[in-house]
Structures are given as structure tokens and as C-alpha cells.
Amino acid sequence: STLDRSSAASDVYKRQAWRVVLGPSVSLGLGALPGPAAVLGLAIGAERSWFRVETEADLWLPREERLAGEMGGGTMRLWSVTARGCGVPSLGMLRFPICAGLQAGQMSGEGQGVSNPQRATLPWVAAEARAGLRVDVHSNVAVRADIGGFVPLVRPGFTLDTVGPVHRAAAVGGVAGLGLELVFP
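The rules behind the values
Residues numbered from 1 in each chain as written. Predicted model: local features only at pLDDT ≥ 70, side-chain atom pairs only at ≥ 80, totals over all residues. Heavy atoms only, no water. Helix = DSSP H or I, 4+ residues; strand = E, 2+ residues; numbered from the N terminus. Disulfide = S-S within 2.5 Å. Buried < 20%, exposed > 50% of the residue type's maximum accessible area, 1.4 Å probe, protein only. 1 Å grid on protein atoms, 1.4 Å probe; cavity = no way out; pocket = protein on both sides within 12 Å on 5 of 7 lines; lining within 4 Å. Points joined across faces, edges and corners; volume = space filled by probe spheres on them. Nonpolar A, V, L, I, M, F, W, Y, C, P; charged D, E, K, R; others polar.

Which residues make up unusual backbone geometry, and what values do they have?
Not every positive phi belongs to a glycine, and Ser-49 is a case in point at roughly 55°. Tracing the sequence through the fold places Ser-49 in the loop between strand E2 (37-48) and strand E3 (51-66).

Pasting the structure below:
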């Protein structure tokens, strides 16, 4: 029927046209800071058919590290901006982004429990790979789940002068999270 053809043509157009994607996320991150950390993110990007490019800003909430048997330790924080490209196979209302990207930002640490605590800020650069699931719950809204890993190309570390090493980012880390996506035609 005519209605079916125009609906199918509209679906083809949506897959072929560039669409803006905006989405907040909440994740659990491991490996960058001491112990598991909550990560708040906001991504903006564009997708077309099976391809997506996006930029995501992430804020890792502060984590403390105390040295065993010592009074000293520190509080570490991390923020980063990621540029990534993704292939996005789909099946009906399900999309499966498979992405690679590069993170850049800063990790900061502040000493605690010592007579002269210092604060240091070091660069954060990491390569990442990520896979996800997007479920379209409305024509312009999707629920998302992601899991990924990263390898710091620079491994920031923090030391207390009188005590010794407090924390150094792991050689490999990961994130897993949930979020929403708003899609604008």
C-alpha cells in the first residue's frame, strides 16, 4: 500500500541522513583511580546509517588511597574528553556500536596526612575500545549500555615525598555503564 511504502521510505531516509545524538551516562570505572569509581559522562555525536562519530566528556568522581600502616595518602581525580569512531550494525530497534577512540585529559592528586601536602596535575592519554547496545524506545530516544577497556599511553602516578608511592594508574582499565540517548533528525 502507499502508506507502507512512504513509511519504508521514511525509515530509509532516517538511516541515510546524518542525525545528531546527545546522551548522558553513569558508569563504573576501574584502573584509572584507586578502586572502583563512579564516572559521569555526556556525549554528543552524529550518526548515519552504520557509522557514528562522537565526543564524550567524562568526570571520574574522587577516590582516596591510604597507604597501609601509614598516615599518608591522597585523593585522586580524573577528567577526560574522548573522540571516537564507531561501526553500528543494527537489527530492528537494536543497534550495536563497536568503537575505538582516544582519551585526553588530566589526573590530579592531592596529598593527605603529611606535614606539607601538595597537589599535582598530570596528563591523561589513553586508547580505548568500546562496545554497546542501544535500544530505541521511541523514535528520538534510546536506552544504552556500554562496556569498554582502555590502555593509558601515559600512566600518571603520585608519590608523597616522605612516604613513597601512593597511586599509579593501572596498565589496563575498563568502564561499564548505562545511559540515555536523544536523537535529533
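Account for the state of the cysteines, with residues named and values stated.
Considering all chains together, one arrives at 1 disulfide under this definition. The disulfide bridge from Cys-86 ends at Cys-99, spanning 2.1 Å between sulfur atoms. When the S-S torsion is 105°, as for the bridge of Cys-86 with Cys-99, the disulfide is right-handed. With a gap of 13 residues between them, Cys-86 in strand E4 (residues 73-87) and Cys-99 in strand E7 (residues 98-112) connect regions that are remote in the sequence. Given the relative accessible area of 9%, Cys-99 is considered buried.

Any details on empty space enclosed by the protein? Residues and values, ideally.
Taken as a whole and assessed by the stated rule, the structure comprises 3 cavities of 30 Å³ or more. The calculated volume of the largest cavity comes to roughly 70 Å³. Among the secondary structure elements, those contributing two or more residues to the lining of the largest cavity are E3, strand E8 (119-138) and strand E9 (141-154). For the lining of the largest cavity, the per-class residue count stands at 4 nonpolar, 4 polar and 3 charged.

Honestly, that's just the spatial picture; any functional story needs more than this.
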